[in-house]
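# Architecture at a glance
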Amino acid sequence: MDDWDLVVVGGGPAGSTAALSALRSNPDARVLILDAATFPRDKVCGDGIAPHALDVLRELDVDTDSLIVGTDPITRLRLRSPGGSEVVRPFARPAYVVPRMLFDDRLMHCAITAGAILRRHRVHAVVTTPDGVVIDHEIRARTIIGADGAESAVRRHTSARPPRPGATAIAVRGYTSAEYWPAREQLLTMTTMHWPAYAWVFPIGNGLANVGYGELLQGTVPSRAHLVQRLHALLPEAEPATLRGHRLPLSTGRPNVGQGPILLTGDAASLINPLTGEGIYYAILSGALAGVAAFTPDPARTYRRTLRQALGRHLRHTDAIAYLGRWPGLLDLGIGAAIDSRHAFDHLVDIGLGSGRIDARTVAAIGSHWLRQKSAAARGRSPHE
């Protein structure tokens, strides 16, 4: 039997961060990362890296400049509401767009440099034993961290609940010329058709942009032709050479994090922001917390507690907003408030990309915009006039 202190299944941001965190808390630990792919490898994603994710990595002594080299900082965000309102403001802190082919490989290199061992292996069976976990009858570990994505093999061997109905999205993305969009500006354009749904443009800084379209699954799984048609309807200038699809299990406020010596992180734990589809920050944060919890007497209990402390209220707030957001008018009000208030804009961005929560000042800004809108409608004028 091949013995390890910790086995991490999946070498994406959650898995590499989990290995880094584990080795930082226990430098002598034997940590193995298993992944079915050979790195570098692509991963279907919007490629956006929020500053919140880089904050977590800096706390693990990662040289984050090495992760974003070759890309330009994204300094502005343009939001178009379902009703057609638009706000353009600078980010409080710049974000980045790094293709996962590069970002995941660079972060994996950091984990290997810290002492982790990477092995190409597809996991089929996970069995809990009195003293740990056995993987495929040949690898034994005290703790296992499932960081193997939305179709997690580790998750299937736990009692974790499947995503509830209405908590899964599907999207397509590709790369196209960035010449049609302002440099260093991200675009999110929402639409009432098949709501909730939106398209995005994320410039990388190398002449290309990541473009895509996603919508919430509501009954029948939409065809690829439908997703492509909606992308071109919202972004007619986009002509990506290749489009790939992926499924996003959205957070519902109470993520399944595993049991006993089996921990789930990132997409495997359905940790994807239900408002924006952002998942890398959640993946890196959950990976960091799972890595520390891995060597405690009760890893799942410790991890559940620390994740709840870090994200509990935020996840409950995003779940509530996502539920209320089934009414497109609420998003119109939110973007209207962001036009009126810099605080509201920054706070809404923090909720969508980081761990922000609803605050009274933002609620007041939304309420104020609603009153202004009602008054303007009565006078036949725009609320911003």
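Please refer to the structure higher up on the page.
Residues numbered from 1 in each chain as written. Predicted model: local features only at pLDDT ≥ 70, side-chain atom pairs only at ≥ 80, totals over all residues. Heavy atoms only, no water.

Secondary structure assignment for the protein chain yields 11 helices and 16 strands. Dimensions of the protein chain, computed from C-alpha atoms along their principal axes, come out at roughly 75 × 40 × 40 Å. Counting across all 385 residues of the protein chain, residues that qualify as buried make up 56%. Counting only contacts in the protein chain whose residues sit at least 6 apart along the sequence, the fraction spanning at least 24 positions is 72%. Accessible area of the protein chain: about 16,600 Å², with a carbon and sulfur share of 53%. Computed over 42 positive and 36 negative side-chain charges, the inter-centroid distance for the protein chain is 6 Å. (Helix = DSSP H or I, 4+ residues; strand = E, 2+ residues; numbered from the N terminus. Buried < 20%, exposed > 50% of the residue type's maximum accessible area, 1.4 Å probe, protein only. Contact = heavy atoms within 4.5 Å. Areas by Shrake-Rupley, 256 points an atom, 1.4 Å probe, with all protein chains shown as cover. Lys, Arg positive; Asp, Glu negative; His and termini not counted. Charge placed at Lys NZ, Arg CZ, Asp CG, Glu CD.)

Pairing between side chains becomes possible if they bear opposite charge and their charged atoms approach one another. Taken as a whole, this structure holds 17 salt bridges when the rule is applied. For Arg-76, the salt bridge is made with Glu-185, and the minimal N-O distance between the two is 3.1 Å. Of this pair, Arg-76 sits in strand E4 (residues 74–80) while Glu-185 sits in strand E11 (residues 185–190); the two residues are 109 residues apart in sequence, bridging distant segments of the chain. We classify Arg-76 as partly exposed; its relative accessible area is 28%. (Salt bridge = Lys/Arg side-chain N within 4 Å of Asp/Glu carboxyl O.)

Okay, the packing of aromatic side chains next. By convention here, two paired aromatic rings are described through the distance between centres and the angle between planes. If you walk through the whole model with that rule in mind, you get 4 aromatic pairs. Ring geometry for Tyr-180 versus Trp-181: centroids 6.1 Å apart, planes at 80 degrees, classification edge-to-face. The exposure class assigned to Trp-181 is buried, which follows from its relative accessible area of 12%. Ring centres of Tyr-281 and Tyr-282 lie 6.2 Å apart, and the angle between their planes is 50 degrees; on these two criteria the pair is classed as tilted. The exposure classification of Tyr-281 matches that of Tyr-282, with both residues buried. Aromatic rings pair up to connect Tyr-198, Trp-200 and Phe-202 into one cluster. Lying across the ring of Trp-4, Arg-30 places its NZ or CZ 4.1 Å from the centre. (Phe/Tyr/Trp six-rings, centres within 6.5 Å; stacked < 30°, edge-to-face > 60°. Lys NZ or Arg CZ within 6 Å of the ring centre and 35° of its normal.)

Residues Val-7, Val-31 and Phe-103 are the most contacted members of the largest nonpolar core, which totals 69 residues. Residue contributions to this core peak at 10 residues, all from helix H7 (residues 280–293). Excluding its chain neighbours within four sequence positions, the residues that come into contact with Val-31 are Trp-4, Leu-6, Val-8, Ala-19, Ala-22, Leu-23, Gly-115, Ala-116 and Ile-117. The next biggest cluster of nonpolar side chains, apart from the first, holds 26 residues, and it includes Ala-50, Met-190, Leu-250 and Ala-338. (Core = buried A, V, L, I, M, F, W, Y, C linked by side-chain atoms within 4.5 Å.)

A few words on the sheet that holds strand E12 (residues 197–203). Taken in spatial order, the 8 strands line up as E3-E5-E4-E11-E12-E13-E10-E14 in an open sheet, and their pairing is mixed. Since the sheet does not close on itself, it has two edges, and those belong to strand E3 (48–49) and strand E14 (244–249), each with one partner. Pairing between strand E10 (residues 168–177) and E14: 6 bridges, direction antiparallel. Across the sheet, the residue bridging to Ala-169 is Leu-248, located in E14. Contacting E4 and strand E5 (86–97), helix H10 (residues 342–353) runs over the sheet at an angle of about 45 degrees to E5. (Pairing = 2+ DSSP bridges. Axes fitted to C-alpha atoms, helices over the stretch in contact; angles between N-to-C directions.)

The geometry of helix H1 (residues 13–25) relative to helix H4 (residues 100–114) is characterised by a closest axis approach of 9 Å and an angle of 20 degrees between their N-to-C directions. What the angle tells us is that H1 and H4 run roughly parallel. For the pair H1 and H4, the sense of crossing is left-handed. Of the residues in H4, those in contact with Pro-13, Ser-16, Thr-17, Ala-19, Leu-20 and Leu-23 of H1 are Arg-100, Phe-103, Asp-104, Leu-107, Met-108, Cys-110, Ala-111 and Ala-114. (Parallel < 35°, antiparallel > 145°, perpendicular 65-115°, else oblique. Left-handed = near helix turned anticlockwise from the far one by under 90°.)

A word on the pairing of E5. Consecutive side chains of a regular strand alternate in pointing toward one face of the sheet and then the other. Pairing between E3 and E5: 2 bridges, direction antiparallel. Across the sheet, Ile-49 pairs through a bridge with Tyr-96, a residue of E5. Where E4 meets E5, 6 bridges bridge the pair, whose relative direction is antiparallel. Each bridged residue has a counterpart across the sheet, and for Leu-77 the counterpart in E5 is Arg-89. Linking E4 to E5, which pair antiparallel, is a turn of 5 residues; within it Gly-84 sits at a positive phi near 105 degrees.

Purely geometric stuff here, so don't read any function into it on its own.
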